[in-house]
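# Structure assessment
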Amino acid sequence: MLRRTLRLLSAAIVLAIPAFAGEVEERNKAVARTVFEEILGQGKLEKYESLHSPDLVVHGAGRDIGRDEDLKSTKGWRQAFPDLRITIEQIVAEGDLVAVRFIGEGTNTGAANGLPATGKPIRIAGMAILRIVDGKVVEQWPSFDQLDFLRQLGLMPASSK
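In this report, the structure presented in the accompanying data block is examined. Model, not experiment: these values are computed from the prediction. (Residues numbered from 1 in each chain as written. Predicted model: local features only at pLDDT ≥ 70, side-chain atom pairs only at ≥ 80, totals over all residues. Heavy atoms only, no water.)

### Notes on the packing of aromatic side chains
For the structure on display, the rule yields 6 aromatic pairs. Ring geometry for Phe36 versus Phe102: centroids 5.1 Å apart, planes at 40°, classification tilted. Pair noted here: Phe36 is in helix H1 (residues 2-42) and Phe102 is in strand E4 (residues 97-107), with a separation of 66 residues, a long-range link. Just as Phe36 is buried, Phe102 falls in that class too. Site record: aromatic cluster; members linked through ring pairs are Trp77, Phe81, Phe144 and Phe149. (Phe/Tyr/Trp six-rings, centres within 6.5 Å; stacked < 30°, edge-to-face > 60°. Helix = DSSP H or I, 4+ residues; strand = E, 2+ residues; numbered from the N terminus. Buried < 20%, exposed > 50% of the residue type's maximum accessible area, 1.4 Å probe, protein only.)

Here it is as structure tokens:
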């Protein structure tokens, strides 16, 4: 009787794990949506600290940055592009990782993040992978076409093609 009970209990746990994992992944996708659509896209910076770990590491192409520098950068993007809109095109989660493919659109009317105010509009595609633990982003790997971005702003010559 005890063995049968233990087998049934083990089976119930095994069957419940995927359902729990799906719930975690859905919660993580909701966090990622808030980060991109609300914090970056709508400028709701008051939500930043509640969704980013104090130990956040953003892995850049040249170097990694922490939470304070990432928040400063986020504020800078909002200053440089006050009308910035972020549209999530696709979002996929597996375990504690969330992949986001997005479009950023706005007009560069402010000087920030090393950019002069050009008055030019941009439309740029990007992707990011976020690692989310206990509802907070702990790591992020963002990527977008920086050359196309600078060309759209008129800060790099257009392609000769």
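Here the narrative resumes, following the displayed structure.
### A word on the sheet that holds strand E6 (residues 136-144)
Strand pairing in a sheet relies on backbone hydrogen bonds. The paired strands run either parallel or antiparallel. Taken in spatial order, the 6 strands of this open sheet run E2-E1-E6-E5-E4-E3, and their pairing is mixed. With partners counted over all chains shown, the strands left at the sheet margins are strand E2 (64-65) and strand E3 (85-94), one partner each. In this structure, strand E5 (residues 121-133) lies alongside E6, joined through 8 bridges in antiparallel fashion. Across the sheet, residue Met127 finds its bridge partner in E6, namely Ser143. (Pairing = 2+ DSSP bridges.)

### Thoughts on the pattern of salt bridges
Under the defined criterion, the tally for this structure stands at 8 salt bridges. The partner of Lys29 in a salt bridge is Glu26, with the nearest N and O atoms 3.1 Å apart. Of this pair, Lys29 and Glu26 are both found in helix H1, 3 residues apart, which corresponds to roughly one turn of the helix. Put simply, Lys44 and Glu38 hold a salt bridge, and the shortest N to O gap is 3.9 Å. Lys44 gets classed as partly exposed once you look at its relative accessible area, which sits at 29%. Salt bridges linked by common partners bring Glu38, Lys44 and Lys47 together as one network. (Salt bridge = Lys/Arg side-chain N within 4 Å of Asp/Glu carboxyl O.)

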